[in-house]
Amino acid sequence: MSAAPPPSTSVPLGALCAVQRMRAAASAPIFPALEGRHPCFSSTPEGHAASARLHLPVSPGCNIACRFCKRDFNRHEQRPGVAARLLTPEQALVVVGRALRLCPNINVVGIAGPGDPLCTPHALQTFRLVHAAYPDLIKCLSTNGLMLPASADDILAAGVSTITVTVNAVDPEIQAEISPTIVYQRQRLEGHEAARRLIANQLSGIALVVARGATVKVNTVLIPGVNDGHVAEVARRVAEAGAQIINVIPLIPQHGFADLLPPDALAVHRAREAARRHLAVFSHCQRCRADACGVPGISDFSAELYGDTLVAEPTFSHG
Ligand code: CLF
Ligand code: SF4
């Protein structure tokens, strides 16, 4: 005779009221395989704080011109688009080994700039080297998506499994205000033509990499008076393409948008709730530098890693 199963200690979901079910769903990991292993794909505060990421600043150039972006090399600004140095792929591999000795809970190696990682070949070459040496580390790419369709196979072959695409608008009218110029297949495109090409490549690129097994997050920079009424539509279209989570990031006014005010907390909350109608929302982004090392918002080892004295100033462009 087989033993009777032990009594269950958990309450069946069907026995919970609607509010309790919503709370249980809200605290459940969205990506169980990444919870606690990837700070930006963990949905609980504990999961977010459990592991670190290392960004490798290997990508110098960009193929679009976002009006909020001021790429720079310095040691004091704390934002994407900024790094204190540029590494070659071979130097980056050495940095991974040094970083793991300093911060053994690094589980993720990401490339997020300081330019666009798919604009030049350095990021994919770096991922190939890092993947061969450290197959168990998660490889994470952040891109504007212009070259995503053309690079999808190479990205997955280089070991990348999590991808962030910055999609700020899916309406060419709005997108043309944000990034008025792109360079695509050696041609400079402007205005609506540029915006249509970028949006089409972002959406088809997301669908391609998702079909190949990648997990996709979308970053949307919330720009008051420009795309703040448009975030739900961005979320709807990227969810249709296969993205699974969205990160609505408040603008830090600078460069071409220096005259705008940043969105206040209520505007950010409203935009996130609008996006939540279509897909999960990530809300603990720390707007990391392209050479960050540590748990986002909790620890930073980049000064020890590179021997710098870093005085961080919070500012921002994309992620
Ligand atoms: Fe880096 Fe970005 Fe990968 Fe995270 S950051 S490439 S997904 S490992 Fe994370 Fe930093 Fe926000 Fe980016 S907190 S800026 S969302
Ligand atoms: Fe390029 Fe990113 Fe800067 Fe836009 S925000 S110009 S995609 S580096």
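Above this note sits the structure.
Quantities reported herein were computed from a predicted structural model and do not represent experimental measurements.

A. How the structure looks around the overall build of the protein chain. In terms of regular secondary structure, the protein chain is built from 10 helices and 14 strands. For the protein chain, with 319 residues in total, the buried portion stands at 51%. Restricting the contact set of the protein chain to residue pairs at least 6 apart, pairs at least 24 apart contribute 75%.

B. View of the site of ligand 1. The environment of ligand 1 is made up of 16 residues, and the closest members are C40, H55, C140, C285 and C288. For the shell around ligand 1, the elements supplying multiple residues, two or more each, are strand 1 (52-55) and strand 6 (138-143).

C. The state of the cysteines, seen in detail. Using the criterion set out here, one finds zero disulfides in the structure. C293 provides the cysteine sulfur closest to C103, a residue in no disulfide bond, and the two sulfurs are 5.1 Å apart.

D. Quick look at the nonpolar core. Core analysis: the largest hydrophobic core is formed by 55 residues, its most contacted members being L56, I163, I206, V238 and I246. Excluding residues that lie within four positions of it along the chain, I163 makes contacts with F41, L141, T143, I155, V209, A214, T215, V216 and K217. Grouped together as the second largest cluster of nonpolar side chains are 18 residues, C66, Y184, L198 and F257 included.

E. Structural view of helix 3 (residues 89-102). With 14 residues, helix 3 ought to run about 20 Å at 1.5 Å a step, and its terminal C-alpha atoms sit 20 Å apart, in line with that. If you check which residues of helix 3 are buried, you get P89, A92, V95, V96, G97, A99 and L100. Where the residues of helix 3 are buried, they touch strand 1, strand 5 (106-111), helix 4 (122-133), strand 13 (293-294) and helix 10 (302-306).

F. Looking closely at the environment of R196. One can find R196 in helix 7 (residues 191-211). Taking the C-alpha atoms as reference points, R196 and E173, 23 residues apart in sequence, are found 9.0 Å from one another.

G. Here's a closer look at the pairing of strand 1. The side-chain alternation of strand 1 yields two buried faces, one formed by A52 and L54 and the other by R53 and H55. Relative to strand 5, strand 1 runs parallel, the two sharing four bridges. Its bridge partner lying in strand 5, H55 is registered against G110. As paired elements, strand 1 and strand 13 share two bridges and run antiparallel to each other. In the strand pairing of strand 13, L54 is matched with C293.

How each quantity is defined
- Residues numbered from 1 in each chain as written.
- Chains lettered and ligands numbered in written order.
- Predicted model: local features only at pLDDT ≥ 70, side-chain atom pairs only at ≥ 80, totals over all residues.
- Heavy atoms only, no water.
- Helix = DSSP H or I, 4+ residues; strand = E, 2+ residues; numbered from the N terminus.
- Buried < 20%, exposed > 50% of the residue type's maximum accessible area, 1.4 Å probe, protein only.
- Contact = heavy atoms within 4.5 Å.
- Near = heavy atom within 4 Å.
- Disulfide = S-S within 2.5 Å.
- Core = buried A, V, L, I, M, F, W, Y, C linked by side-chain atoms within 4.5 Å.
- Expected span 1.5 Å × (residues − 1).
- Pairing = 2+ DSSP bridges.

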